[in-house]
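If you want the building blocks of each chain, they are given just below.
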Amino acid sequence: MRRTRVLTAALALAAGLLTGGPPAALAAEAPKAAVAADTYSWHNARIDGGGFVPGIVFNRAEQNLAYARTDIGGAYRWQQSTRTWTPLLDHVGWDDWGHTGVVSLASDPVDPDRVYAAVGTYTNSWDPTNGAVLRSADRGATWQQTGLPFKLGGNMPGRGMGERLAVDPHDNDVLYLGAPSGKGLWRSTDAGVTWSQVTAFPNPGNYAQDPTDTSGYGSDNQGITWVTFDESTGSGGSATKTIYVGVADKENAVYRSTDAGASWQRIAGQPTGYLAHKGVLDAENGYLYLAYSDTGGPYDGGKGRLYRYATATGTWTDISPAAEADTYYGFSGLTVDRQHPGTVMATAYSSWWPDTQIFRSTDSGGAWTQAWSYTSYPNRENRYTMDVSSSPWLTWGANPTPPEQTPKLGWMTESLEIDPFDSDRMMYGTGATVYGTENLTDWDSGGKFAITPMVRGLEETAVNDLAAPPSGAPLLSALGDIGGFRHTSLTEVPSMMFTSPNFTSSTSLDYAETNPNTVVRVGNLDSGPHIAFSTDNGANWFGGTDPSGVSGGGTVAAGANGNRFVWSPAGTGVQYTTGFGTSWQASSGIPAGAVVESDRVDPLTFYGFKSGKFYVSSDGGATFTASAATGLPSGDSVRFKALPGGAGDIWLAGGASDGAYGLWHSTDGGASFTKLSNVEQADTVGFGKAAPGASYQTLFTSAKIGGVRGIFRSTDQGATWTRVNDDAHQWGWTGAAITGDPRVYGRVYVATNGRGVVYGDTSGTGTDPGTDPEPGPTGACSVTYTITNQWSGGFQADVRLTNTGPAAWNGWALNWSFPGGQKVSQMWNAEHSASGAAVTVKNVGWNGTVAAGSSVGFGFTGEWSGSNAKPAAFTMGGKNCAVG
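As the structure is a prediction and not an experimental result, all values here were calculated from the model.

Thresholds, definitions, all that
- Residues numbered from 1 in each chain as written.
- Predicted model: local features only at pLDDT ≥ 70, side-chain atom pairs only at ≥ 80, totals over all residues.
- Heavy atoms only, no water.
- Buried < 20%, exposed > 50% of the residue type's maximum accessible area, 1.4 Å probe, protein only.
- Helix = DSSP H or I, 4+ residues; strand = E, 2+ residues; numbered from the N terminus.
- Pairing = 2+ DSSP bridges.
- 1 Å grid on protein atoms, 1.4 Å probe; cavity = no way out; pocket = protein on both sides within 12 Å on 5 of 7 lines; lining within 4 Å.
- Points joined across faces, edges and corners; volume = space filled by probe spheres on them.
- Patch = residues over 30% accessible without salt bridge, like charges linked within 9 Å, V, L, I, M, F, W, Y side chains within 5 Å.
- Areas by Shrake-Rupley, 256 points an atom, 1.4 Å probe, with all protein chains shown as cover.
- Salt bridge = Lys/Arg side-chain N within 4 Å of Asp/Glu carboxyl O.

Below, the discussion takes up the pairing of strand S5 (residues 75-79). Counting buried residues along S5, four of its five residues qualify, which places the element largely inside the surrounding structure. Two strands pair when backbone bridges link them, and strand S4 (residues 66-69) and S5 are joined in this way by three bridges, in the antiparallel orientation. Paired with Tyr67 across the bridge in S5 is Arg77. Hairpin connection of S4 to S5: five residues between the antiparallel strands, including Gly74 at a positive phi of 85 degrees. Both S5 and strand S6 (residues 84-87) contribute to a ladder of four bridges, which runs antiparallel. Counterpart to Arg77 in the pairing with S6 is Thr86. The hairpin turn running from S5 into S6, its antiparallel successor, is four residues long, and Arg83 in that turn takes a positive phi close to 55 degrees.

Next up, the structure:
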C-alpha cells in the first residue's frame with residue numbers, strides 16, 4: 001500500500017464522519033412508539049483485519065494476556081485458547097461513536113483483571129464529544145467511564161506514538177495520561193475514577209503535523225505522547241519514584257520526575273530535531289531506549305534515530321542501525337525482550353518502499369541485524385518466511401518487481417511487542433493487520449522465523465455500502481481503504497479484495513435486480529478509472545471509462561436488467577450510459593452530487609436525491625424531473641432504496657436534528673412521500689426476505705424508535721418495529737448502509753465505521769453460519785465437473801450437483817480428491833475445506849435445500865502444476881455420485 005493511499009483513505013473516513021455522522025444535538029422528543037425486541041446472534045463477515053493497529057499491549061504479570069487498540073474500531077483482548085481477538089467496545093453507542101477510537105491502552109501489571117482505555121476519535125469538531133477513560137475490572141467484559149474535559153484523538157495524526165496511558169507498577173491506583181491539544185499531563189490516584197492535571201509538568205507540547213490546516217485535523221498539538229515508569233525505583237504499595245514522559249516537541253522531547261511526579265525536569269543532553277515516538281525502559285540494565293522520527297506519523301517520516309539513555313550516568317548513545325544520511329524513514333515500533341533485556345527490536349515504520357524494515361539487537365543496541373537486506377540490488381534476502389494463506393488478500397493481488405515483494409512485511413508498523421513471557425513470540429501491527437511469529441529467536445541462530453497473520457477476530461474495516469443479491473454470493477461490500485469483497489461464505493476470509501481496478505476506497509456499489517451477475521462499483525483511486533463492472537456477480541472485474549472531470553467515486557445505480565447505469569461521481573455532474581461505461585452522457589434536470597438509485601423493476605427508471613428534492617428519470621437516466629414531494633430532509637445526509645419486486649415503491653431515510661429527520665415511504669415512484677410517525681430518526685434502510693406468512697419484504701433500519709437508538713426490523717411495512725440489537729451490540733456509528741438477506745429471513749447486514757460488516761440472525765430461524773450444517777444426504781446424486789478456463793498455474797471450474805433421489809435435501813456436503821495436487825483458491829456459492837488432496841464442499845445458507853430432480857451449482861478458481869486432470873469420483877455421505 002502506498003503512503004498516499006493510506007492517507008487518502010484516512011482523510012476520507014474522517015470526512016465521511018463529518019458529513020454523514022450522527023448529529024451532535026438531539027431533536028425534541030416525540031411520542032415514543034412501542035418497540036418489541038428479539039434475540040439475535042451477531043458475527044462478523046470475516047475479513048480479518050483491514051485497518052491500522054497502532055498499539056499492542058502485553059500484561060507483564062500474567063502470561064498470554066494481551067490487548068490491541070485500533071484507531072477507529074475499538075479495542076480487543078487476545079484469546080490464547082482460540083488464538084483469536086475478542087472485541088471489547090461493541091457497547092459504544094450512536095451518541096458516543098467517537099469512543100470507538102482508542103488512543104491508548106493500559107493493562108494493570110499488579111491486578112491483571114484491570115484494564116484501561118483512553119478513547120475519543122478526533123480532537124477537532126468532527127467528533128462532538130469529549131474523550132473519556134474507560135476502566136474495567138474484568139478484562140474488558142464490562143466498563144465504567146470517566147469523562148474528560150478535553151477531546152482525545154484515536155484517529156488523529158501521531159496516534160501510533162505511545163502508550164499515553166500508563167499504570168504505576170507499584171501503586172496501581174496511580175495512572176498517568178498524556179493529553180493532546182496543549183492539555184498537558186493528567187493523573188489519577190483512585191484507579192481511573194477521577195483525574196486532575198499535573199500542573200507541575202512544564203511542557204504540553206508544540207508539534208502539529210500541519211499548522212496551516214484550518215479543519216483542525218493536522219493543526220492540533222500532538223501533546224504528551226508516552227509515559228514510562230522505572231520499576232526499579234519503587235516498591236509494592238508506594239508510588240514509583242522515577243517516571244519518564246515523551247512530549248511532541250522536537251527540542252524538548254523527554255522529561256523525567258524522580259519524586260513520583262511532584263516535579264519534572266527536561267533530561268539534559270537529549271537529541272533534538274526529532275520526536276520521540278516511543279520510550280521503553282530496560283530497568284534491569286538501566287537503559288531507556290527511544291525511537292525517534294522527524295514527524296509524528298503514522299504515514300510520514302523521512303529521517304529517524306534510535307538512542308539509548310543510561311539512567312544511572314545520564315549518558316546518551318546513538319545506537320541507530322543506519323547512518324542518518326541513509327535513513328528515509330522514522331523509527332517507532334520499539335520493544336525489549338523481558339526474558340533477555342539486552343535484546344531490543346525496532347521498526348522503520350514509515351519505510352513504504354520497497355517494504356518496512358525490522359531491526360534486532362542482542363547487545364543493547366551495540367550491533368544490529370535486519371529482517372531483510374540486499375544481496376545485489378534489486379535482489380534481497382529475507383531472514384523470515386511469510387504465510388498469509390489465512391488472509392490471502394494481504395498480497396493485494398500484486399505482482400511487483402524486485403526489490404518489492406508480496407506479501408510485504410507491512411507498513412505503518414508503529415506497534416511491535418515481544419511477549420514478556422516468551423522470547424519466541426512477537427506481534428506487530430500494520431496498516432492492515434496484526435502479524436506475528438512464534439519462533440523469533442531463530443533469527444539469532446541464522447534460521448528463518450515464520451510470520452503469519454495473528455488477526456482473526458479483529459475486524460477493522462469501515463463500510464460504505466452493502467449489497468445482498470438474490471442469487472450468487474450472499475454479500476458484496478464497498479469498504480474504505482481496502483476496496484471491498486465478495487463473500488461467498490460469511491465465515492471464511494475471501495481470497496482477494498475487488499481488483500482490476502483496486503480502488504483505495506469503494507464508495508458505492510449496485511447489482512442489476514433481475515440479472516444479479518451484473519454488478520457495478522465506484523470508488524477512489526490515485527490514477528485510473530473510478531468505476532468498474534462485473535458480469536459474474538463480482539467474481540471478476542474490468543474498469544470502465546471515466547467521463548471528464550471525475551475526481552472520486554460518488555454513488556452509482558444499475559438498471560434493473562443491467563443494460564443501463566447512472567453514476568453521480570465526485571467532481572462532475574450525474575452521468576448515464578448504456579452498456580458498460582465506454583462512453584457517458586450528462587443527465588439533465590438533476591444537480592451534481594445527487595445520490596442515485598434505480599427502480600428494481602423498471603429498467604428505465606432511476607431516482608435521485610439532493611438538498612431536499614427527489615428526482616425521477618423514466619428514460620434510463622437521460623433526463624430527470626424534480627418530484628413535487630415536500631417535507632423531505634433539507635440536507636444531504638439521506639439514503640434511500642427502491643423495493644425489489646415493487647415498481648415505484650421507495651423508502652427514504654435521513655435528515656438532521658435541526659430539521660426533518662426520519663423514515664419516509666413512497667408507493668407512487670417518488671411523486672409523494674409519507675413520513676412514518678413512529679420513527680423519530682432513521683439513517684439507513686434496507687430489505688430482506690419476508691417473514692413467514694408475510695407478502696411484503698422485511699424492512700431494516702439504523703434508527704431511533706421509541707426513544708432508543710438501535711437496529712430495527714419491521715415485517716409489516718413499518719407499522720410496528722422490533723429492535724434486533726441490544727446495548728452490548730451497538731458498534732458506534734451505523735449510519736452508512738444496511739441490508740437484509742433476500743434468502744434468509746431475519747438476517748441483517750450492518751455497516752460499521754471500523755468494526756467491519758456485522759451480521760445478525762434471529763434466534764430460531766436461519767442458520768448460524770459459524771456452525772457446520774446438519775449432515776447432508778447420502779448418495780442419490782450426480783455431478784458434472786467442468787474446467788471453464790485454464791492458464792499457467794491456475795484454472796477455473798464449475799460444478800453442478802443434482803439430486804437424483806426421491807426426497808429433497810436439507811443441506812448437502814460433496815467430497816472429492818484432486819488427482820494432481822490441485823488446490824482451491826476461491827469458491828463461490830459454497831463453502832469448502834481441504835486436507836491435502838481431499839476437498840469437502842458444503843452448501844451456504846441459501847442453497848442447502850435441493851428438491852428431488854433439481855440441481856445446485858458452484859464454482860471456484862484453483863492452482864495446478866504438472867497436470868490438471870478432473871477428479872475421478874465424487875461422494876456424499878460415503879456413497880458415490882454418478883459423474884456426468
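This is not the end of the story, as more comes after the structure.
Our focus in this paragraph is the sheet that holds strand S41 (residues 552-558). Within the open sheet, the four strands sit side by side as S41-S42-S43-S44. Their pairing is antiparallel. Strand pairing shows two members of the sheet lacking a second neighbour, S41 and strand S44 (585-586), which therefore form its edges. When strand S43 (residues 575-578) meets S44, the two strands line up antiparallel, connected through two bridges. Note that in S44 the partner of Tyr576 across the bridge is Gln585.

With that settled, the discussion passes to empty space enclosed by the protein. Within this structure, the stated rule accounts for five cavities of 30 Å³ or more. The space that makes up the second largest cavity amounts to roughly 120 Å³. In terms of lining, the second largest cavity is formed by 16 residues, of which the most central are Met156, Pro157, Pro180, Asp220 and Gln222.

Pairing in this open sheet of four strands is antiparallel, and the strands run S49-S50-S51-S52 from one edge to the other. With one partner strand each, in any of the chains shown, strand S49 (638-642) and strand S52 (674-675) form the two edges of the open sheet. Here two bridges tie strand S51 (residues 661-666) to S52, and the two strands are oriented antiparallel to one another. When the sheet's bridge partners are listed, Trp664 is paired in S52 with Lys675.

If you add up the space inside the second largest pocket, you get close to 1400 Å³. Residue assignment for the lining of the second largest pocket shows that the elements contributing at least two residues are strand S36 (486-487), strand S61 (781-791), strand S62 (794-803), strand S65 (823-828), strand S66 (831-835) and strand S69 (855-863). Element by element, the count of residues in the lining of the second largest pocket is highest for S65, at six residues.

A contiguous nonpolar patch, built from Trp353, Tyr374 and Tyr377 and spanning about 360 Å² of accessible area, is present on the exposed surface. Residue position: Tyr374 is located in strand S27 (residues 372-374). Given the relative accessible area of 36%, Tyr374 is considered partly exposed.

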